There are 2 protein chains.
Amino acid sequence: MRDVAALAGVSIKTVSRVINGVPSVAPPLRDKVQKAIEQLDFQPNLAASNLRRAGHRTGQIALLLEDLSNPFSATLNRAVEDVARAHDTLVFAGSVAEDPRREVELARAFTLRRADGLVIVPATADQSYLHSEVRVGTPLVFVDRPPRGLVADSVLSTNTEGAARAVGQLADHGHERIAYLGDYATIVTAAQRFRGYEQEMARRGLRIDPRTVRHDLNDTATAAAAVTELLALEEPPTALFTSQNLVTIGAVTALRDLGLRHRVAVAGFDDFPLADLLDPAVTVVAQDVRRIGATAARLLFERIEGGDALPPRECLIPTRLIPRGSGEIRPPRDPRRG
Amino acid sequence: MRDVAALAGVSIKTVSRVINGVPSVAPPLRDKVQKAIEQLDFQPNLAASNLRRAGHRTGQIALLLEDLSNPFSATLNRAVEDVARAHDTLVFAGSVAEDPRREVELARAFTLRRADGLVIVPATADQSYLHSEVRVGTPLVFVDRPPRGLVADSVLSTNTEGAARAVGQLADHGHERIAYLGDYATIVTAAQRFRGYEQEMARRGLRIDPRTVRHDLNDTATAAAAVTELLALEEPPTALFTSQNLVTIGAVTALRDLGLRHRVAVAGFDDFPLADLLDPAVTVVAQDVRRIGATAARLLFERIEGGDALPPRECLIPTRLIPRGSGEIRPPRDPRRG
DNA sequence: TTGAAAGCGGTACCAT
DNA sequence: ATGGTACCGCTTTCAA
């Protein structure tokens, strides 16, 4: 900037004025400065300017995701980006990969760079490591899982209700032996979905056979194996409720391999691409991921821009049943009942 | 930092030493400083330190993508992130959404924040707007499409060869009337894939019926409509080469709706999730997106860290045919030939 | 309208 | 081993 000022024969301050578009600069001077800027390929250093500038916004927010490459995270990322863009803000995103240490590391790297706020899909059991951020006043919004060990805004799906809705759909189509296949029960969302399953089964007076409840499935292979086992039982389930999309895909794969895809009903939690192209198309309870992301970003910017005095908020984003076929398969007539 | 120094009763410089882990600080002093830091929730400002620090690396790189939420971009993002992490670097990513203006805007926002380098999937026809970055010495790597209007590293897929391979697979299974369905021919990659199609058809002495060549398809709906039209021709194609994954999905959808999914062969460029679960499973030529991303990041860091004196490089990442069934469907016997 | 000087939060150099 | 001081690149305050 000094060089630009020298080349243009003006003071450094005038250059600053030109860059910031302050109107009180004489046009001829302005042109000279502009030319000098181009000639020297000068690019102002935003970090340096923010150092002195009031407000201390950096125009950067951070996003801690499970894995940038999975559809849930990627969609969330995009939704947050769109809102951020409207606030002239850039987004840093990082994959936590379910590694609590990585979450702490990333959060620190982002706060060191003075992100104006953080949106977090937590992988840690406890987020009290963020206490100093809260005290300093950095806005925090939690997504998908509520915060533990501190108070902050959160945006969650209606997991329990959604799971109940999926189970209800299966029951409405005549199923009584409905299996549960889900992720680690220690994950809050998985636990809520399991609760939805239990509640709906109870509400309808249906018995849960403990042999048809399978937790700890977290990839397609283990899910497929579990389904294969379940269907080898003496009294196999006639319908499956899968509580996460990888589990759903694994289940569908297993049914196809067993030649049972048109015999056993499936309703899954979480939509996934091409669910409608499969045969049968897969019935799911979908989360509105874009809306979750947009809401989280909105809450964040309200705190960044508005007062920080707002009370902590919890937004519940409704889930939606999308019947496509697999959940509407009816059970075989039970020969014993004739 | 001043406050920390005051509270600990030491000079500001000692605080700086503690933060940077300089060994020449007496342990008792170090502890006092640490305590003061915690008590005040002090977080050093990385931007400020980089201002004075030598080397002027910010530990941030930027990534300009089509759309954060599409699988190609998301996978690329993750691959770049993994390499960046090994270099203690954070990633800014932004969606260009095929809007040239947005690309320029984003690039500027990132360079203003002093990104150490840029990885770009260009949407613009000409990237000469980046000339000043090149002159300043900011490393640039182009992905998927080569740079125009400036020289820089690039990482590309073997589009022509891959397309030829897909067409070859169809021809190997007896097809002669092979249709081409692709994106805007103005897109470099689409043009290359079309060339691969033309070359392979010529090499095998197969005639291209101009009515079965359809460009400008860029979503599933237009692709599906095009397929429906093609199959209504008097002499419909017996196989389809689709040059992009949305086109492939559209084509598959149309064939299903027409009840022809087991009659008409399809080979697509670009893999997509669940391609193997469809019926028939879809034969594709897959790009190695993770490797593309990792390579791009590697080239970038070589320039960031090593000399900038390297000549511009172009890396070609091979594509791979994955036969899954749809491309191996044989043509119906032609009644006119008996 | 323009400029000089102080300062943002930190580091580098040189004394001590 | 510790501290003083100039300085990074830019904005702010205030004077000219």
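This text gives an overview of the structure that appears in the document. (Residues numbered from 1 in each chain as written. Chains lettered and ligands numbered in written order. Predicted model: local features only at pLDDT ≥ 70, side-chain atom pairs only at ≥ 80, totals over all residues. Heavy atoms only, no water.)

1. Concerning the protein's contact with DNA strand D
Here's step 1: Lining the immediate environment of DNA strand D, one finds 26 residues, of which Lys13(A), Ser16(A), Asn45(A), Thr14(B) and Ala26(B) sit closest.
Here's step 2: Take Ser11(B): an N or O atom from its main chain is 3.0 Å from a phosphate oxygen of DNA strand D.
Here's step 3: Between DNA strand D and Ala26(B), the relevant distance is 2.7 Å, taken from a phosphate oxygen to a main-chain nitrogen or oxygen of the residue.
Here's step 4: Elements represented by at least two residues in the surface near DNA strand D include exactly α2 (12–19) and α4 (46–52) of chain A together with α2 (12–19) and α4 (46–52) of chain B.
Here's step 5: At 4 residues, the largest contribution of residues to the surface near DNA strand D is made by α4(A).
Here's step 6: Of the residues assigned to the surface near DNA strand D, the class counts are 11 nonpolar, 8 polar and 7 charged. (Near = heavy atom within 4 Å. Polar contact = N/O pair within 3.5 Å; in protein donor to acceptor, adjacent residues only side chain to side chain. Helix = DSSP H or I, 4+ residues; strand = E, 2+ residues; numbered from the N terminus. Nonpolar A, V, L, I, M, F, W, Y, C, P; charged D, E, K, R; others polar.)

2. Details of the interface of chain B and chain A
Here's step 1: Taken together, the 53 residues of chain B in the interface contact 53 residues of chain A.
Here's step 2: In this structure, the salt-bridge partner of Asp41(A) is Arg135(B), at a minimum N-O distance of 2.5 Å.
Here's step 3: The tally of links from chain B across to chain A stands at 22 residue pairs in polar contact (both at pLDDT 80 or more).
Here's step 4: Counting only elements with at least two residues in the side of chain B that touches chain A, the list comes to α4, α5 (71–86), β2 (90–95), α6 (100–112), α7 (131–136) and α11 (245–258) of chain B.
Here's step 5: In terms of residue count, α6(B) provides more of the side of chain B that touches chain A than any other element does, 8 residues in total. (Contact = heavy atoms within 4.5 Å. Salt bridge = Lys/Arg side-chain N within 4 Å of Asp/Glu carboxyl O.)

3. Some thoughts on the sheet that holds strand β8 (residues 239–242) of chain B
Residue and element names in this part refer to chain B.
Here's step 1: Within the open sheet, the 6 strands sit side by side as β7-β6-β8-β9-β10-β12. Their pairing is mixed. A single partner strand is all that each edge strand has here, and the edge strands are β7 (213–214) and β12 (320–322).
Here's step 2: Where helix α9 (residues 188–203) meets the sheet, its contacts fall on β6 (178–181), β7, β8 and β9 (265–269), and the angle it forms with β6 comes to roughly 170°.
Here's step 3: Helix α10 (residues 220–230) rests against β6, β7 and β8 of the sheet, and its axis sits at about 155° to β6. (Pairing = 2+ DSSP bridges. Axes fitted to C-alpha atoms, helices over the stretch in contact; angles between N-to-C directions.)

4. Considerations on the protein's contact with DNA strand C
Here's step 1: Looking at DNA strand C, there are 24 residues lining it, with Thr14(A), Ala26(A), Leu29(A), Ser16(B) and Asn45(B) nearest.
Here's step 2: The sugar-phosphate share of atoms of DNA strand C within 4 Å of the protein amounts to 68%.
Here's step 3: Here Arg52(A) contributes a side-chain N or O atom positioned 3.1 Å from a base nitrogen of DNA strand C.
Here's step 4: Interatomic distance of 2.6 Å between a backbone N/O atom of Asn45(B) and a phosphate oxygen of DNA strand C.
Here's step 5: When contributions to the surface near DNA strand C are tallied by element, the ones reaching two or more residues are α2 and α4 of chain A together with α2 and α4 of chain B.
Here's step 6: If one sorts the elements of the surface near DNA strand C by residue count, α4(B) sits on top with 4 residues.
Here's step 7: Taken together, the residues that form the surface near DNA strand C break down as 9 nonpolar, 8 polar and 7 charged.

5. So, the pattern of salt bridges
Here's step 1: A complete count under the given rule lists 52 salt bridges over all chains for this structure.
Here's step 2: The shortest N-O distance in the salt bridge between Asp67(A) and Arg78(B) comes to 2.8 Å. Taken as a pair, Asp67(A) in the loop between β1 (60–65) and α5 (71–86) and Arg78(B) in helix α5 lie in two separate chains rather than in one. Arg78(B) matches Asp67(A) in its accessibility class, with the two residues each being buried.
Here's step 3: Arg324(A) serves as the salt-bridge partner of Asp271(A), at 3.1 Å between the closest nitrogen and oxygen. Residue Asp271(A) is found in the loop between β9 (265–269) and β10 (283–286), and its partner Arg324(A) is found in the segment after β12 (320–322); the two are separated by 53 residues along the sequence.
Here's step 4: A single salt-bridge network, built from bridges that share partners, covers Asp67(A), Arg102(A), Glu105(A), Arg78(B), Glu81(B), Asp82(B), Arg85(B) and Arg290(B). (Buried < 20%, exposed > 50% of the residue type's maximum accessible area, 1.4 Å probe, protein only.)

6. Brief notes about α5(A)
Residues and elements named next belong to chain A.
Here's step 1: Along its 16 residues, α5 runs 23 Å from first to last C-alpha, staying within 8% of the 22 Å computed at 1.5 Å per residue.
Here's step 2: Residues of α5 that are buried include every one of Phe-72, Ser-73, Ala-74, Leu-76, Asn-77, Arg-78, Ala-79, Val-80, Glu-81, Val-83 and Ala-84, and no others.
Here's step 3: Near the N-terminus of α5, the side chain that reaches the backbone nitrogen of Phe-72, with its oxygen 3.1 Å away, is that of Asn-70. (Expected span 1.5 Å × (residues − 1).)

7. What to know about the relation of the copies chain B and chain A
Here's step 1: Superposing chain B onto chain A requires a rotation of 180° together with a translation of 0.0 Å along the rotation axis, leaving an RMSD of 0.1 Å. Both chain copies can therefore be described as sitting about a two-fold axis. Judged by C-alpha distance, Phe92(B) is the residue of chain B that lies nearest the rotation axis, at 2.3 Å.
Here's step 2: Residue by residue, 100% of the interface of chain B is reproduced at the interface of chain A, so both copies engage with the same surface. (Least-squares fit on C-alpha atoms with pLDDT ≥ 70 in both.)

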